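Structural overview for review
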Amino acid sequence: MEAALSAAPPPREFLGTPEAAEHIGISKAQMEEWRSKGAGPAYHKVGRRVVYSVADLRAFVARGRTEALR
């Protein structure tokens, strides 16, 4: 029983703007700017709340990947 209480919570599938920004290493203001310009990672509206799927954040970062020149 004690082990179950001390175990880490399962990873969240959706993050709010501050958590999403931290997840990809940018500022909350940058996330909001991208969203207002129709850029940045895909997001969902849940009522008034904006949430980002962790999978969408990973895909967004992966699209920016560049191979090093040899």
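Here the structure is shown first, and the text comes after it.
On to the environment of Arg-12, then. The topology assignment puts Arg-12 in the loop between helix H1 (2–6) and strand E1 (14–16). Distance in space between the C-alpha atoms of Arg-12 and Glu-22 is 14 Å, their sequence separation being 10 residues.

Among the nonpolar cores identified, the biggest contains eight residues, and these are Leu-15, Ala-20, Ala-21, Met-31, Val-50, Tyr-52, Val-54 and Leu-57. When contributions to this core are tallied by element, the ones reaching two or more residues are helix H2 (17–24), strand E3 (49–53) and helix H4 (54–63).

Pairing in this open sheet of three strands is antiparallel, and the strands run E1-E3-E2 from one edge to the other. Looking at strand neighbours, the two that pair on one side only are E1 and strand E2 (44–46), the edges of this open sheet. Each adjacent strand pair in this sheet contributes to an overall mean axis angle of 45°, direction not counted. One ladder, built from three bridges, connects E1 with E3; its direction is antiparallel. Across the sheet, Leu-15 pairs through a bridge with Tyr-52, a residue of E3. Together, E1, E2 and E3 form the strand contacts of H4, whose direction differs from that of E3 by roughly 65°.

Following the sequence through the fold, Ser-53 ends up in strand E3. The exposure class assigned to Ser-53 is buried, which follows from its relative accessible area of 9%. A polar contact of 3.2 Å, which involves the side chain of Ser-53, links it to the backbone nitrogen of Ala-55. Discounting residues that sit within four places of it in the chain, Ser-53 has contacts with Glu-13, Phe-14 and His-44.

Let us look at the pairing of E3. Looking along a regular strand, one sees the side chains alternate between the two faces of the sheet. Buried residues dominate E3, accounting for four of its five residues. Both E2 and E3 contribute to a ladder of three bridges, which runs antiparallel. Bridge pairing links Val-46 to Arg-49 in E3. In this antiparallel pair of consecutive strands, E2 and E3, the connection spans two residues, and Gly-47 shows a positive phi of 65°.

About the thresholds
- In this numbering scheme, every chain counts its residues from 1 along its sequence in written order.
- Totals for whole chains, interfaces and linings use every residue, but because this is a predicted model, local features are given only for residues with pLDDT of at least 70 and side-chain atom pairs only at 80 or more, for both listing and counting.
- As a rule here, side-chain values come from all non-hydrogen atoms in the structure, and water together with hydrogens is ignored.
- Helical segments are the DSSP runs of H or I of at least four residues, strand segments are the runs of E of at least two, and each set is numbered from the N terminus.
- Nonpolar cores were defined as sets of buried Ala, Val, Leu, Ile, Met, Phe, Trp, Tyr and Cys residues, with membership established by side-chain atoms within 4.5 Å.
- To sort residues, take the accessible area from a 1.4 Å probe on protein chains only and compare it with the maximum for the residue type: under 20% means buried, over 50% means exposed, and anything in between is partly exposed.
- Two strands are counted as paired when DSSP detects at least two bridges linking them.
- Whenever a helix is involved, its axis is fitted only over the stretch in contact; in every case the axis is a line through C-alpha atoms, and angles between N-to-C directions fall within 0 to 180 degrees.
- Residue contacts are defined here by distance: any two heavy atoms, one from each residue, within 4.5 Å place the two residues in contact.
- By the criterion applied in these results, polar contacts are pairs of N or O atoms within 3.5 Å in which, for protein atoms, one can donate a hydrogen and the other can accept it, and in which residues neighboring in sequence qualify only through two side-chain atoms.

These results come straight from atomic positions and should not be treated as a statement about function.
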